[in-house]
Structure formats: C-alpha cells, structure tokens
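Overview (structure and organization)
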There are 2 protein chains.
Amino acid sequence: MHKVAVLGVGMHPFGKFEHKHLKDLANTAIWNAIEDAGIEANRIEAAFVGNCLGGLLVGQESVRGQVILRHAGFKGIPIVNVENACATASTAFRMAWLSVISGMHDVVLAVGVEKMFVGDTAKSIEALSTATDIDVCGNMGLQFTSVYAMNIRKKMDKYGWTKDDLGLVAEKNSYNGSLNPYAQFKKPLTKEEVLASKMIADPITLYMASPMGDGAAAAIICNERIARKLKNKPFVRVVASELSSGHASMLESKPKDSTTYSTALKAYEQAGVGPEDINLAEVHDAMSPAELKIYEELGFCEEGEAIKLIREGRTKITGDIPVNPSGGLASRGHPVGATGLAQIAEVVWQLRGEAGKRQVVDINGKLPRFGLTQNDGGYVEGDNAASCIHILSRV
Amino acid sequence: MHKVAVLGVGMHPFGKFEHKHLKDLANTAIWNAIEDAGIEANRIEAAFVGNCLGGLLVGQESVRGQVILRHAGFKGIPIVNVENACATASTAFRMAWLSVISGMHDVVLAVGVEKMFVGDTAKSIEALSTATDIDVCGNMGLQFTSVYAMNIRKKMDKYGWTKDDLGLVAEKNSYNGSLNPYAQFKKPLTKEEVLASKMIADPITLYMASPMGDGAAAAIICNERIARKLKNKPFVRVVASELSSGHASMLESKPKDSTTYSTALKAYEQAGVGPEDINLAEVHDAMSPAELKIYEELGFCEEGEAIKLIREGRTKITGDIPVNPSGGLASRGHPVGATGLAQIAEVVWQLRGEAGKRQVVDINGKLPRFGLTQNDGGYVEGDNAASCIHILSRV
C-alpha cells in the first residue's frame, strides 16, 4: 500500500450563515485547502464529498458533490457522494485515503459540508433524527439528546460522575473554542454558567449540546511520493484510518466492549502506536459530557478514571493529553457533514504548529507528533451507526 | 494492486412492490448474492450501500446502509453510504472494488436499492429532478425526459435517425426483458406499438421511457486469491473500473468528445482490450433511443453508424455485439439506486452462461468473454454528472 500525506486543509467557519448555500460553504473550504496545499487545482484527480442532510434541508437529494464541485470550478474528475451521519466527513476523508493507498490516485480532495440553518429549526431537528432507523426509532421521537442523556445518566450512576464533571468538560472546550477563529461559539464559559443554562434532557444543559450549524471543511491528501516534492510545511502523514459500524450496546457496554474501543484498537495497531503515544485528540462530544466516556474508550485512561482526567486538567490544551483543542463539537460547532474534516484540519494545524493561541506543546515546548480524530455517526440498534478513527503523524 | 473477482450477484426483481420497504428489497438482493457467492456471511468485511432517493421518498435521509445491513443481519463492519444519482450502484460497486484492489479488504459487499413507488408519483418525479443542480435546473422544471428528448431530436437531425430506429431499440429491449425473470416489463413490444404509445416528450413515447421502479441488486466481490479457493462456478474478474464527472456538453458534443467516450477509453486501456473485444454490454438507456448514441460513445461503431447497428440487428441477443440483453433500463426497469448493480449482475450471469433464454453466445456457441456495463448519473451543467464504466471478464 502507498503512504498518504495530508497536503492541505481548509475550512469555512462554522456558524449561522443565512445567505450562504451548500455550494458557497464548500467552495470556501475547498479553495482554502488548495491554497494551503500549495498545488494547482488541476492536480486534483478525484473528490469525495460528504454531506448528510442536504436532501431534506436544501432539497439537493442527489449529486450534491457534482453540483458543489462544478460551482467550485472542477469538471471531468471522479466524484463520489458519501454519507455516514455525523461521521460523514471522516468517511469522505477515509475514502480519499483509500484511493491514494491503493495507488489509483495521487492527489485527492475530501470535503464535508452542511447547511443546517434553513429557517425552520423543527425541520432541521427532524432531519437529524433520520440518523437512526426511522421506522423503529427516529419517527417514534427518540432524539440524539435523549440518547446521550440516558447514557450520561447511567455513567453518572456507575462511575460517580458529578454534574460538576459534566460542566468542566464544557468549560474546557468553550475556552478552547474562544481561541479558534473557525469556532461557532467564542465565549469562554464557567462550569457554573454551563450548569445554570437551560436544561435540555437531564443532565444535559444547553451549553453542553452541540448547536445547529452551517460550515464546511476540506483536505487535500496525496501519495507521500508527491508530497515530498511539493511540501514546504511540516509533513503530516495519515498513519491509521479505521471505520466500523456498531456492534455493541452504547447504554450497556463497558468501555472495552464499545465500538469506539474496538475501532481505536485497530487504528492503534495500524499506526503502530498506543494511546500513550497520542499527543492530542479531537473527539466526538456532540454533547460535551460524552467526552468523558470517550477518554476511556480511546484508552486514555482506565475504566472509571475519566473524571480524574477532567478534574486534574490533563485534557486541557496545557495538559498531557489535550482533547478537543478546537473547542470540540459543542463550541467549534457541529454542521454534521463537515465535522469529521474539521477534526482532521485541527489535528493537521496542531501537528504543523499552526494552531495559534490554542497550540498544543509538551512540557519541553515541543510540537505534538501524533494526533487522533474520533468521529461518531448515527444511532442504529442501540449503538453508533458509524465509528471512524484516524491517526495523523508529524514526520 | 490486487486482482478482483465477482464471487456472487443477486437481485430483488424490479417492479412495483407496494408492501416492501428499502430494507426488504435490499435484504433479498444481499442474501441472493451471498447464496450465489457460496460463502458464509461473516466472511464479508465491509459494505458499500447505494441509494439515491431514500431521503426524500422514504424519509431515511441518513445511515441508510446501516439500517439496511442491521436488518439483513450484519453488525460491526465498515459501511459507507454512496450516492451518484442513476450511477449510484455502479459507484458502490467501484468503491467495493477499490477496497479490494487496495488490499484493505478481501471480501466486500456492494448493494444498490431504490424504492420509488411511494404512493405519490409527483413526489417521486420531483425527487428524481434533484439529480440536477436544483437551483439552476431541477427547480426550474427541467426533467430528464426533456433533456433526453432534446438530445435525441438533435441526433435525428444530424445523423438521420428515424422514428422507426427509435422504436427498434425499444422493440429489441422489450423482447430481451420478456426473457428476464427479474424484469419489470415482460411484454415484447413491436416498434409500431412503441411509436403508437403515449407521447411523453417528442420524440420520446411512453414505451421508450424507463419506468418508476422498486428493486435492489447486490454483488460480493473479493480478492482473486480468495476467489480461486472458494469458487466452483466460472470465474469472473473485474478488469476495469472507471468513473468520471461530466466534462462535455451532452447536446453539442460529438461521440468522441463525450464524457462516456473518454471514460470508456480509460476503461479499455485499464482492461487491455478495445471495443471490438466486448462481447456484450449493459448500457444506460434511461430513454431507449439513447442507446444509439451510446453505441458510438462506447466505440461499438463510428460516428453516425449507430442506426446501422440497430437496423441490422447486430445488438440483438443473437447479434455480434448484443446490448442490453437484460432488457435495459426501459424494460428490466430502473429503480435508480439499484440499476448499476443490476447491470453487473446481468453481465456476470452472461459470462457464466447462466442467463437462460437470453444467454448470449457467439456463432460457434461459445460463451462471451468480455462484458461491459455503462451507467450514467445525473445532469449538471449540460452533461452527465457521473459516468461509470466497468468491464468484466470470464477467466
């Protein structure tokens, strides 16, 4: 298999952009990624386009990628539209990676985009609920907030998580988001403010929940052989890509029985590293307390010890295993089809030392070497429909 | 790159199945393919699921593949949802192929499914119109029937196609469809009946147009190394897979300027064969007269000579280059997200000598060696949004 480098990344800021279409959002991210990659656009040989809700929310059910890429100035290249709920963009990235490791293509674009503000919040929420089996779940009123609430409640009982712990995650991530120019929310919150915000689904309050959002993110990846000739920036390699559908019960399973854990194990094996080698992670905190569970599922700590990590500040930007330096889903924002590539972009910036005020460094001031992204999507038969994990490395 | 074999194919018949859901249709095709492959289902390592209109027509906007595969009994494998308008299923097949040539997986499932009869024809037609850029085309009322009508009218003027020629294509394909147990329409039509049927968009009449349809098709592909151990049927290899987005003007371009031609050329090069080596083809006759244009774009004849092929019966099952022995889109049916894999299934059956009354053989009674599938999808900026071509070979 060929080796794969990330040549460039780009984003359209996440937020509310009433006058922008899917095409506009994607266009910005794509051309930012091309500029960052420092290549001529005609070097791009193929594209994988991720979008989750454009059929129901924008009306563009079919050929979303072709419409987006024609608008962005591309024609004649292979384009594949990819969907995997909230893990859509990481799946598009993985498909781009696959087409480079196979040797089929040398330079490939992955882009994820979502337009969720369409003037009707109820419509957007209804669209989101199709990331379950609508016949047995979505149409019956089970929303993701309630799925997360049940999970978090169970973990509180089992592992002694307190409301303070839940608030601490949002406090940390809102601070990180305040340092991120692409973030939807830039106001640092105290845990008291988080806990005092409106109750959504006990114990989840408003400021713990990822918001509706518009946005896009993109990456140009390429055969390392090409990257070595082209790149004048620190070199970022994709050392693992793993995807799985759920095989566990999210509510019942212990960390080591979870789909995230088994997917992460495969990713660590592929990369030839362990959780102790990871210097930072962008994880799927669609509701910020879920981050605690993910610490354990990624092996950053043992079962039941997540609250030690958050209480001791070890997952802050200044900690030994920073998590969600971008602000995560709840602060950077979560335009669902774009999130996975925003995670990739953040890790690339961090590994290259370009993350500005939120730059992660170790106690000796050294840049991180390994960054991990963990992106979940959907909920089918009691578990994530998709679990997608990537590990990137500075070479 | 690894070599790829098609281990098994399966279909759910195409037609009107009011009481069947996406999940039911796909389930039948998947398990038929598994049975045909002769493997244990747990050998399947990954799945690519193609569906085009399930967001708008069934309401399952997101994680369609995960919902379908859980219902079919699968969990824990990587699943990617793929969309490319009418070329959706061939794109899913291509992604499965990619994951095997790369060496990432050994045994992979591709499935395409569509549910178009949802009790509201206007809704289904509106959903179909999203296979264009809805802002500049679909929402303005441009339907595929009119796109095809303009094209065919232009070809009639330029190359002397007569209404009789248009009728002859439908006559041939309806006869082929009458021999296909999976076909939606099984009544052989005369060209007179075709031309006398209701005018839809001059010169296209009702019996030239592919119908609404429900259906599914699937394939199990695998590393040839595995296939050689497992397979007790004639061995079918994927010798070319090509995908492109449009780069031409469908209305203006000569056959050799078309996206189909450039995609076919790459496929021939990949397979190491030329159009003269192809023994049968399944092509995208969404409106049956389009088949004539495709003869020229695939290089089966020179520019302007398509009408000689159809008049001389050379593309009949008994001809020297049989096209659409399955009945094609207009007779076998065209549940859009399933069509590409139905084409693959037909070619596999033909190469294995299992096509029953519609079996293609040469003048010496020998089975075909090379079969080609050509699957178009969508219409963006005056050309196919996706053009997907595969060449399969009996080894």
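Residues numbered from 1 in each chain as written. Chains lettered and ligands numbered in written order. Predicted model: local features only at pLDDT ≥ 70, side-chain atom pairs only at ≥ 80, totals over all residues.

A short note on the overall build of chain A
Broken down by element type, chain A carries 14 helices and 11 strands. Relative to its length of 395 residues, chain A is compact, with a C-alpha radius of gyration of 19 Å against a globular reference of 21 Å. Along the first, second and third principal axes, the C-alpha set of chain A runs to 55 × 50 × 40 Å. A total of 395 residues make up chain A; the buried ones form 64% of that total. (Helix = DSSP H or I, 4+ residues; strand = E, 2+ residues; numbered from the N terminus. Rg over C-alpha atoms; globule rule 2.2 N^0.38 Å. Buried ≥ 20, exposed ≤ 12 C-beta atoms within 10 Å, placed from the backbone.)

Quick word on the nonpolar core
In this structure, A:Val111, A:Ile221, B:Val111 and B:Ile221 are the most contacted members of the largest nonpolar core, which totals 274 residues. Those residues in contact with A:Ile221 that sit more than four places away from it in its chain are A:Val4, A:Ala5, A:Val6, A:Leu7, A:Ala96, A:Trp97, A:Val100, A:Val108, A:Ala110 and A:Val238. (Core = buried A, V, L, I, M, F, W, Y, C linked by C-beta atoms within 7 Å. Contact = placed C-beta atoms within 7 Å.)

Quick word on the packing of helix H4 (residues 88-101) of chain B against helix H14 (residues 339-352) of chain B
Residues and elements named next belong to chain B. Relative to each other, H4 and H14 sit at 65 degrees, their axes nearing to 5 Å. In terms of orientation, H4 and H14 fall into the roughly perpendicular class. Residue-level inspection shows Thr88, Ala89, Ser90, Thr91 and Phe93 of H4 in contact with H14, the latter providing Thr339, Gly340, Leu341, Gln343 and Ile344. Here the contact of H4 with H14 is built from residues that sort into four nonpolar, six polar and no charged. (Axes fitted to C-alpha atoms, helices over the stretch in contact; angles between N-to-C directions. Parallel < 35°, antiparallel > 145°, perpendicular 65-115°, else oblique. Nonpolar A, V, L, I, M, F, W, Y, C, P; charged D, E, K, R; others polar.)

Thoughts on the interface of chain B and chain A
With 48 residues of chain B in contact, the opposing surface of chain A contributes 48 residues. Mapped by element, the contributors of at least two residues to the side of chain B that touches chain A are helix H2 (54-57), helix H3 (64-71), strand E3 (79-83), H4, strand E8 (236-244), strand E10 (370-380) and strand E11 (383-394) of chain B. Along the lines of polarity and charge, the residues of the side of chain B that touches chain A split into 23 nonpolar, 19 polar and six charged. Across three bridges, strand E3 (residues 79-83) of chain A lies against E3(B) in antiparallel orientation. For A:Glu83, the partnering residue across the bridge sits in E3(B) and is B:Asn81. (Pairing = 2+ DSSP bridges.)

A look at the relation of the copies chain B and chain A
Between chain B and chain A, the superposition needs a rotation of 180 degrees and an axial shift of 0.0 Å, giving an RMSD of 0.0 Å. One copy is carried onto the other by what is essentially a two-fold rotation axis. No C-alpha of chain B approaches the rotation axis more nearly than that of B:Ser102, which lies at 2.0 Å. Here 100% of the contact residues of chain B are again contact residues in chain A; the copies associate through an equivalent surface. (Least-squares fit on C-alpha atoms with pLDDT ≥ 70 in both.)

Structural notes on the confidence of the model for chain A
A low pLDDT means the predicted coordinates there should not be read in detail. Mean pLDDT over chain A works out to 96, with 99% of the residues at or above the 70 mark. What the predictor reports for the complex is a pTM of 0.98 with an ipTM of 0.97. (pLDDT = per-residue confidence, 0-100.)

Here we look at helix H11 (residues 290-297) of chain B
Residue and element names in this part refer to chain B. Among the eight residues in H11, eight count as buried, and that is most of the element. Every buried residue of H11 is accounted for by Ala290, Glu291, Leu292, Lys293, Ile294, Tyr295, Glu296 and Glu297. Looking at the buried positions of H11, the neighbouring elements they touch are helix H6 (144-159), helix H7 (163-178), helix H10 (259-271), helix H12 (306-311), helix H13 (328-331) and E10. Taken from the residues just after H11, Gly299 is the one with a positive phi, measuring 80 degrees.

Digging into unusual backbone geometry
Residues and elements named next belong to chain A. A cis amide bond links Asp202 to the next residue, Pro203, at an omega of 15 degrees. A positive phi angle, close to 45 degrees, is found at Val63, a residue other than glycine. Its place among the elements puts Val63 in the loop between helix H2 (54-57) and helix H3 (64-71). Of the residues examined, Val63 has 34 C-beta atoms within 10 Å and is grouped as buried.

Observations regarding the domain arrangement of chain A
Residues and elements named next belong to chain A. Annotation of chain A at the domain level lists domain 1 (4-121 + 213-237) and domain 2 (141-209 + 239-394). Between the C-alpha centres of domain 1 and domain 2 the distance comes to 23 Å. Domain 1 puts 39 residues into the contact, and the matching count from domain 2 is 37 residues. Looking at the side of domain 1 that touches domain 2, the elements with two or more residues in it are strand E1 (4-15), helix H4 (88-101), strand E4 (107-115), strand E7 (214-223) and strand E8 (236-244). Top element by residues in the side of domain 1 that touches domain 2 is H4. It accounts for seven residues. Classifying every residue of the side of domain 1 that touches domain 2 gives 24 nonpolar, 10 polar and five charged. (Domains from an automatic or database assignment.)

Here's the deal with the pairing of E11(B)
Residues and elements named next belong to chain B. Of all 12 residues that make up E11, 11 are buried, and the element is covered over most of its length. For E8 and E11, the ladder comprises eight bridges, and the chain directions are antiparallel. Residue Ser244 lies in a different strand from E11, and its bridge partner there is Ser387. Sheet topology places E10 next to E11; 10 bridges connect them, and they run antiparallel. Note that in E11 the partner of Val380 across the bridge is Asp383.

Things to note about the packing of helix H1 (residues 22-37) of chain A against H3(A)
All names here are of chain A. The contact between H1 and H3 brings their axes to 9 Å, and the two run at 60 degrees. Between H1 and H3 the crossing geometry is right-handed. In this structure, H1 uses Leu22, Lys23, Ala26 and Asn27 to contact H3, whose residues at the interface are Arg64, Val67, Ile68 and His71. Tallied by class, residues from the contact of H1 with H3 come to four nonpolar, two polar and two charged. (Left-handed = near helix turned anticlockwise from the far one by under 90°.)

Let's talk about the pairing of strand E2 (residues 46-50) of chain A
All names here are of chain A. Most of E2 is tucked away: five of the five residues are buried. Every second residue of E2 is oriented toward a common face, with Ala46, Phe48 and Gly50 on one face and Ala47 and Val49 on the other, all of them buried. Sheet analysis places E2 next to E4, joined by five bridges and oriented parallel. The partner of Ala47 across the bridge, within E4, is Leu109.

Overview of the environment of A:Gly356
Residue and element names in this part refer to chain A. Counting through the fold element by element, Gly356 comes out in the loop between helix H14 (339-352) and strand E10 (370-380). Given 10 C-beta atoms within 10 Å, Gly356 falls into the exposed group. Sequence separation between Gly356 and Leu179 is 177 residues, and the spatial gap between their C-alpha atoms is 8.0 Å.

A closer look at the environment of A:Ser124
All names here are of chain A. Residue placement: Ser124 occurs in helix H5 (residues 121-128). Judged by C-beta crowding, with 18 C-beta atoms within 10 Å, Ser124 ranks as partly exposed. Taking the C-alpha atoms as reference points, Ser124 and Leu56, 68 residues apart in sequence, are found 8.4 Å from one another. Sequence-distant contacts of Ser124, defined by excluding residues within four places in its chain, comprise Leu57, Met116, Val118 and Met212.

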